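Chain and residue survey
Listed below are the residues making up each chain.
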Amino acid sequence: MLSPRLQKVLKVQLSSNRHQVVYRGPRGGRRSGVQLYCELKRRTRIQTVDGTEEPFSSLGWARLVPPLPLQESQYQSCAVVMSAGAVLNSSLGWEIDSHDAVLRFNAAPIKGFERDVGTKTTIRIINSQIVARPKHQFNSSSLYRDGTLLVWDPAPYSSDLTQWFEKPDFDLFSPYVQQRRLRPEQPFYILHPEFIWSLWDLIQDNTEDQIQPNPPSSGFTGQRVYEFIPSVRRTDLCHYYERYHDDACTLGAYHPLLYEKLLIQSGSTRATKTS
């Protein structure tokens, strides 16, 4: 399914193992569609840094993090809007806005694309580059003013929080503390690395191939996800808001995107056959 270029990229990612992944579980499990979705539901209970574990507890983070845990937010329906180029000219905006909650990613804009992506933002998931690199203007951009923010960073597979705190991929901790003090009224959370790697384990559990030893993409945790599994609108346009073309945006390079999508598609097919 991968072009020669992406096959080469995949081999590089498989050999790098920068996150020190040591996986000893099964591979290629054959669960039914119902079993797979039950497993997904069990493993996708959002876990965030709550300040009670070291080194955060010694730093007083229990008073810094929002008092209401993110996992206690309840919605009847949630639309997860991917940044995929296939969203462009989809006219899905009205349907997306009909959901109780809308989740968006990184620097994906709304203005000028309302007809395709809607207008509502309930939660925005951002990677640590967004908060750490000045070019993203995290402190001043209006993109990060609305709704709840959830930031993640690829910690080591061991999820050693002290090791992660001392050497994150990008420094998300300093901007997080600054933002919480400046805007304490805005809910802002850090995704716990144990949650991220538990999803990776699930993908590898159900895949015969060795997958990239890198965290899964943000879209893998979604409920009603628009253009995660490519539709008839599939395109090599990476993002709906910029003119950049690359198949890696759909099939993956760093993230095990191809395997995430095959797993979700396989589970859906199995569930349909079972019913």
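Residues numbered from 1 in each chain as written. Predicted model: local features only at pLDDT ≥ 70, side-chain atom pairs only at ≥ 80, totals over all residues. Heavy atoms only, no water.

Section: the overall build of the protein chain
Going by this rule: Going along the chain from the N terminus, every DSSP run of H or I of four or more residues is numbered as a helix, and every run of E of two or more is numbered as a strand. The rule is simple: take the accessible area with a 1.4 Å probe, protein chains only, and divide by the maximum for that residue type; under 20% is buried, over 50% is exposed, in between is partly exposed. For this analysis, residues touch if any pair of their heavy atoms sits within 4.5 Å. By the counting scheme adopted, Arg and Lys are positive, Glu and Asp are negative, and His together with the chain ends is not counted. Working definition for charges: the position is that of NZ of Lys, CZ of Arg, CG of Asp or CD of Glu.
Tallying secondary structure elements over the protein chain gives 10 helices and 8 strands in all. Based on the C-alpha atoms only, the size of the protein chain along its principal axes is roughly 50 × 45 × 40 Å. The 275 residues of the protein chain split such that 50% are buried. In the protein chain, the share of contacts with a sequence separation of at least 24, taken over all contacts with a separation of at least 6, comes to 68%. Looking at charge distribution, the protein chain has the averaged site of its 32 positive side-chain charges lying 3 Å from that of its 28 negative ones.

Observations concerning the nonpolar core
Selection rule: In this description, a nonpolar core means a group of buried Ala, Val, Leu, Ile, Met, Phe, Trp, Tyr and Cys residues linked to one another through side-chain atoms lying within 4.5 Å.
Ranked by internal contacts, the top residues of the largest apolar core, which has 38 residues, are Val80, Met82, Leu103 and Leu150. If you tally residues by element for this core, the top one is helix 8 (residues 193–205), at 7 residues. Among the nonpolar cores identified, the runner-up in size contains 21 residues, and Phe56, Phe138, Leu172 and Tyr176 belong to it.

Digging into helix 8
Rule in force here: By this rule the span expected of a helix is its residue count minus one, scaled by 1.5 Å.
For helix 8, spanning 13 residues, the distance from its first C-alpha to its last is 18 Å, which sits close to the expected 18 Å at 1.5 Å a residue. Here helix 8 lies mainly inside the structure; 11 of its 13 residues are buried. Residues of helix 8 that are buried include every one of Pro193, Phe195, Ile196, Trp197, Leu199, Trp200, Asp201, Leu202, Ile203, Gln204 and Asp205, and no others.

Some remarks on the environment of Lys41
Within the element layout of this structure, Lys41 appears in helix 2 (residues 33–43). For the pair Lys41 and Ser142, spaced 101 residues apart in sequence, the C-alpha separation works out to 33 Å.

Some points on the pairing of strand 3 (residues 123–127)
The two faces of a sheet get side chains in turn, since along a regular strand they alternate between them. Selection rule: Here, any two strands with at least 2 DSSP bridges between them count as paired.
Summarising burial for strand 3: 5 of the 5 residues are buried, a large majority. Alternating positions in strand 3 separate into two faces, Ile123, Ile125 and Asn127 on one and Arg124 and Ile126 on the other, with burial throughout. For strand 2 (residues 101–105) and strand 3, the ladder comprises 3 bridges, and the chain directions are parallel. Residue pairing in the sheet places Phe105 in a bridge with Ile125 of strand 3. Pairing of strand 3 with strand 4 (residues 148–152), which is carried by 5 bridges, proceeds in the parallel orientation. By the bridge assignment, Ile126 is partnered in strand 4 with Val151.

Some points on the side chain of Gln179
Residue placement: Gln179 occurs in helix 7 (residues 173–182). Sequence-distant contacts of Gln179, that is, excluding residues within four places in its chain, are made with Phe138, Asn139, Pro184, Gln186 and Phe188.

Some thoughts on the packing of helix 2 against helix 8
Packed helix pairs are characterised by how far apart their axes lie and by the angle those axes make with each other. Using the following cut-off: Interaxial angles span 0 to 180 degrees and are taken between N-to-C directions of axes, which are lines fitted to C-alpha atoms, for helices over the stretch in contact. Note on angle classes: values under 35 degrees are labelled roughly parallel, values over 145 roughly antiparallel, values of 65 to 115 roughly perpendicular, and the remainder oblique. Crossing chirality is assigned from the near helix's rotation relative to the far helix, an anticlockwise turn below a right angle marking it left-handed and a clockwise turn marking it right-handed. Polar here means any residue other than Ala, Val, Leu, Ile, Met, Phe, Trp, Tyr, Cys and Pro, which are nonpolar, and Asp, Glu, Lys and Arg, which are charged; Gly is therefore polar.
Following both chains from N to C, one finds helix 2 and helix 8 inclined at 165 degrees, their axes separated by 10 Å at the closest point. Judged by the inter-axis angle, helix 2 sits roughly antiparallel to helix 8. Pair helix 2 / helix 8 crosses with right-handed handedness. Here Glu39, Leu40 and Arg43 of helix 2 lie close against helix 8, whose contacting residues are Phe195, Ser198, Leu199, Asp201, Leu202 and Asp205. Here the residues of the contact of helix 2 with helix 8 sort into 4 nonpolar, 1 polar and 4 charged.

Digging into the state of the cysteines
Definition in use: Two cysteine sulfurs form what is called a disulfide whenever their separation falls within 2.5 Å.
Counted according to the given criterion, the structure contains 1 disulfide. Each sulfur of the disulfide joining Cys238 and Cys249 lies 1.8 Å from the other. Torsion about the S-S bond of the Cys238 and Cys249 cystine: about 75 degrees, corresponding to right-handed handedness. On the criterion of sequence distance, the pair formed by Cys238 in strand 7 (residues 237–239) and Cys249 in helix 9 (residues 248–251) is long-range, its members being 11 residues apart. With no disulfide of its own, Cys78 lies closest to Cys38 among cysteine sulfurs, the gap being 20 Å. The exposure class of Cys78 is buried, given its relative accessible area of 12%.

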